[in-house]
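# Results of the structural survey
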Amino acid sequence: MRAHASAAPKRAVSTEPRVTVVVLAAGKGVRMNSRLPKVLHPVAGRPMLLWSMAAARALDPARTLVVVNPTQDGVQAVLNGEGQTVAQSKALGTGHALAQVAAAHRTAGPVVVLYADAPLLRGETLAALLAEHEKSRAAVTLLTADLENPRGYGRIVRARNGAVRDIIEEKDATGEQKGIREVNSGVYVFSGRELWPALAKLENKNRAGEYYLTDIVRLIKGKVHTWPVEDRNEILGINDRRQLAEAERVMRQRILDGLMTSGVTIADPATTFIDADVHIGRDTVVLPFSLISGESTIGEDCVIGPFAQIRDSIIGEACRIERAHVDQSTLAQNVHVGPFSRLRPGSVLDDGVRVGTHAEIKNSHIGAGTAIAHFSAVLDSDVGANANIGAGTVTANFDGVDKHRTEIGDRAQVGSDTILVAPVRVGEDAYTAAGSVITADVPAGSLAIERSEQKIVPGWTERRRGRRKREDST
Ligand code: UD1
Ligand code: CA
């Protein structure tokens, strides 16, 4: 019996307690002047808060706590179950925010604190800061930066011997202190053992109605260590919309650099806007004035742009999207769209489909090799393979109350200016004559003509002009 018991795997004893991350996201964000909570404003298509969550993941934390204001709509939804939220009902400052987690999550291990309004912070930087903290055996390690323009940030005030004495906020700083360029990024690694007692002292200390987390450097027992960030952009805190635009610019460049490294040609980075959750294959070329947003995937060897706008779409290999809008659509390989066309949500284009100029497609499946080469509205339709949709074709999908579908079979030839009044079906290999209004199904292999017969009046011109002449001479 004993031998059997000892054969069971030994329970792993962790020597290094794993890290707790606390993301502070409950501020008012007054300077944004927005109805949307500040931390939900997107940067490169992702709500700011999710950038912080992504950075936190790099630490493989034991738990991530997100301090939120329960009255701010949408924050929970954006988190989508990631992390554990802790409520701070009144925004009484960053110190007060962190104090909200103290009751239930007082751990002895390292506690990393981030502010959710700093989306440019990289996960690698956070990991390096944590490593530095563990090496220095300090009570707290602050991520700092030397800024040319430190306006708006808390300044690091040091004693003569170089030790950190205080962090002074811009609005509390003397003229001399405002000259200090070394600033607090708002990223901290605390040793849990020292953090919680110091935080309790902070709670008793009220300045201008707010509890500043930064005051903790005066209260904490043990060493206050600093570690300067390498890329100063990373600490950019977003308090207003100018800073939001600046973060967007930096993030966009970062995304474009990543794509170029992975083998995508960006002809003009200054006029190319690509969101964080976009994937693009090798040797695809993105031409100027193009926007690719949301969760989009583009295959290899495509040419996108100029003036392409693609959102939440999947595009296969060797496609050409020129001056067109593609929204929530799926394109297979060798598909050509544009110039001046629009694919609305639910458009699915199979291999080799050609969509030319001024075509609009919505909620439709277009089979392989089919051409919609000129102005057309193909709405709520199922089109087979190798069909030709003539110029001016409209699938009239709406009867004023309900939407109906149109079916067009393989190899059908829809004549120019055909109106297909849905629900209606054009069979395989069928033809519709130009200018027809089709209201009944066209059987496979047949021709449907629906228009009045053409009349010829011989000598019409001669007679008309002769009459005018006679009238003039009288
Ligand atoms: C803070 C720092 C400052 C630092 C700067 C870096 C303090 C007192 N000051 O200033 O030293 O240089 O960040 O960007 O910490 N929050 C809450 N609850 C609150 C208040 C804020 O959760 O009651 C959250 C906010 O959502 C935000 C973060 O904490 O994500 C920072 O708050 P903010 O008011 O922007 O602080 P700053 O004035 O920028
Ligand atoms: Ca801030």
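Residues numbered from 1 in each chain as written. Chains lettered and ligands numbered in written order. Predicted model: local features only at pLDDT ≥ 70, side-chain atom pairs only at ≥ 80, totals over all residues. Heavy atoms only, no water.

### Notes on the overall build of the protein chain
Selection criterion: Numbering of helices and strands runs from the N terminus, with a helix taken as a DSSP run of H or I at least four residues long and a strand as a DSSP run of E at least two residues long. Radius of gyration means the value over C-alpha atoms here, while the globule rule gives 2.2 Å times the residue count to the 0.38 power. Each residue is placed in one exposure class: buried if its accessible area under a 1.4 Å probe, protein chains only, is under 20% of its type's maximum, exposed if it is over 50%, and partly exposed if it falls in between. Whether two residues are in contact is decided by their heavy atoms: any pair within 4.5 Å suffices. A 1.4 Å probe and the Shrake-Rupley method give the accessible areas. Residues count as covered only by the protein chains that appear here.
Helix and strand counts for the protein chain come out as 10 helices and 41 strands. Against the 2.2 N^0.38 benchmark of 23 Å for 474 residues, the protein chain shows a C-alpha radius of gyration of 33 Å, more extended than a compact globule. Projected onto its principal axes, the C-alpha coordinates of the protein chain cover approximately 110 × 85 × 45 Å. Looking at the 474 residues of the protein chain, the share that counts as buried comes to 47%. For the protein chain, contacts bridging at least 24 residues in sequence account for 40% of all contacts bridging at least 6. For the protein chain, the exposed surface amounts to about 24400 Å²; the carbon and sulfur share of it is 49%.

### Quick notes on the layout of surface pockets
Quick reminder of the rule: In this analysis a 1.4 Å probe is tested at points of a 1 Å grid over the protein atoms alone, and where it fits but cannot get out there is a cavity; an open set with protein on both sides within 12 Å along at least five of seven lines is a pocket; lining residues have an atom within 4 Å of a point. Grid points are joined across faces, edges and corners, and a volume is the space filled by probe spheres set on the points. Residues are grouped as follows: Ala, Val, Leu, Ile, Met, Phe, Trp, Tyr, Cys and Pro are nonpolar; Asp, Glu, Lys and Arg are charged; every other residue, Gly included, is polar. Residue ranges assigned to the domains are those given by an automatic or database domain assignment.
By volume, the largest pocket amounts to about 1100 Å³. Around the largest pocket, the lining is made up of 41 residues, and of these Arg31, Lys38, Thr94, Asp117 and Asn239 lie nearest the centre. Mapped onto the lining of the largest pocket, the elements with two or more residues apiece are helix 4 (94-105) and strand 10 (182-191). When residues of the lining of the largest pocket are assigned to their parent elements, the largest contribution, four residues, is made by strand 10. Classifying every residue of the lining of the largest pocket by side-chain character gives 17 nonpolar, 15 polar and nine charged. In terms of lining residues, the second largest pocket is bounded by 21 residues, among which Asn149, Arg151, Tyr153, Leu236 and Gln243 are the most central. Looking at which element gives the most residues to the lining of the second largest pocket, the answer is helix 9 (residues 241-261), with four residues. Mapping the lining of the second largest pocket onto the domain boundaries places at least three of its residues in each of domain 1 (20-235) and domain 2 (241-448).

### A few points about the domain arrangement of the protein chain
Formally: In this description, buried area is defined as the sum, over both parts, of the accessible area (probe of 1.4 Å) that is lost when the two are combined. We define a salt bridge as a contact between a side-chain nitrogen of Lys or Arg and a carboxyl oxygen of Asp or Glu at a distance within 4 Å.
Here the protein chain is partitioned into domain 1 (20-235) and domain 2 (241-448). The straight-line distance from the C-alpha centre of domain 1 to that of domain 2 is 45 Å. In this assembly, 17 residues from domain 1 lie in contact with 11 residues from domain 2. Across the domain 1/domain 2 interface, buried area totals approximately 1300 Å², and carbon plus sulfur atoms make up 57% of it. The three residues of domain 1 that bury the most area against domain 2 are Met32, Ala44 and Leu120, which together make up 40% of that side's buried surface. At the junction of domain 1 with domain 2, the criterion picks out one salt bridge. As a salt-bridge pair, Asp277 and Arg46 come within 2.9 Å of each other at their nearest N and O atoms.

### Considerations on the environment of Thr20
Residue placement: Thr20 occurs in strand 1 (residues 20-24). Exposure remark for Thr20: the relative accessible area of 2% places this residue in the buried category. In this structure, the C-alpha to C-alpha distance between Thr20 and Asp472, residues 452 residues apart in sequence, is 100 Å. Once residues within four sequence positions are removed from consideration, Thr20 is found in contact with Arg63, Leu65, Thr107, Pro110, Val111 and Val112.

### Focus: unusual backbone geometry
Residue Pro306 is reached from Gly305 by a cis peptide bond, and omega for that bond is 0 degrees. As for its placement among the helices and strands, Pro306 is situated in the loop between strand 18 (303-304) and strand 19 (309-311). Backbone geometry places Arg323, a non-glycine residue, at a positive phi of 45 degrees. Along the polypeptide, Arg323 turns up in the loop between strand 21 (320-321) and strand 22 (324-327).

### A look at helix 5 (residues 123-136)
Heads up, the rule is: Expected helix span is computed as 1.5 Å times (number of residues minus one).
With 14 residues, helix 5 extends 20 Å from end C-alpha to end C-alpha; this agrees with the ideal 20 Å at 1.5 Å per step. Gly123, Thr125, Leu126, Leu129, Leu130, Glu132, His133 and Ser136 are the residues of helix 5 that are buried. The inward-facing, buried residues of helix 5 abut helix 2 (48-57), strand 6 (110-115), strand 7 (140-146), strand 10 and strand 11 (224-228). Just downstream of helix 5, Arg137 is the residue with a positive phi angle, here 55 degrees.

### Considerations on the coordination of the calcium ion (ligand 2)
Condition: Excluding water, the donors of a metal are its N, O and S neighbours within 2.8 Å, or within 3.2 Å for Na, K and Ca, and that exclusion means sites may look incomplete.
Of the protein atoms, only Asp117 (OD) and Asn239 (OD1) coordinate the calcium ion (ligand 2), at distances of 2.2 to 2.4 Å. Residue Asp117 is located in the loop between strand 6 and helix 5, and its partner Asn239 is located in the loop between strand 11 and helix 9; the two are separated by 122 residues in the primary sequence. Neither residue differs from the other here; Asp117 and Asn239 are each classed as buried.

### Comments concerning the pattern of salt bridges
What the rule picks out here adds up to 20 salt bridges. Between Glu182 and Arg158 there is a salt bridge, and its shortest N-O distance comes to 2.6 Å. With a gap of 24 residues between them, Glu182 in strand 10 and Arg158 in strand 8 (residues 155-158) connect regions that are remote in the sequence. Of the residues examined, Glu182 reaches a relative accessible area of 15% and is grouped as buried. Where salt bridges share partners, they join Arg122, Asp231 and Glu234 into one cluster.

### Brief notes about a nonpolar patch on the surface
Rules: Only residues whose relative accessible area exceeds 30% and that form no salt bridge enter a patch; like-charged residues are grouped when within 9 Å of one another, and nonpolar side chains (Val, Leu, Ile, Met, Phe, Trp, Tyr) when within 5 Å.
On the surface, a nonpolar cluster with roughly 330 Å² of combined accessible area is contributed by Tyr431, Leu447 and Ile449. Residue classification places Tyr431 among the partly exposed positions, given a relative accessible area of 46%.

### What to know about the nonpolar core
Filter applied, for reference: To form a nonpolar core, buried Ala, Val, Leu, Ile, Met, Phe, Trp, Tyr and Cys residues must be joined to one another through side-chain atoms within 4.5 Å.
The biggest cluster of nonpolar side chains holds 89 residues, and the ones touching the most others in it are Leu49 and Ile321. The residues that make up this core include at least three from each of domain 1 (20-235) and domain 2 (241-448). Residues in contact with Leu49, not counting those within four places in the same chain, are Val23, Ala25, Val39, Val66, Val75, Leu79 and Ala116. The next biggest cluster of nonpolar side chains, apart from the first, holds 33 residues, and it includes Val22, Ala139, Ile156 and Trp196.

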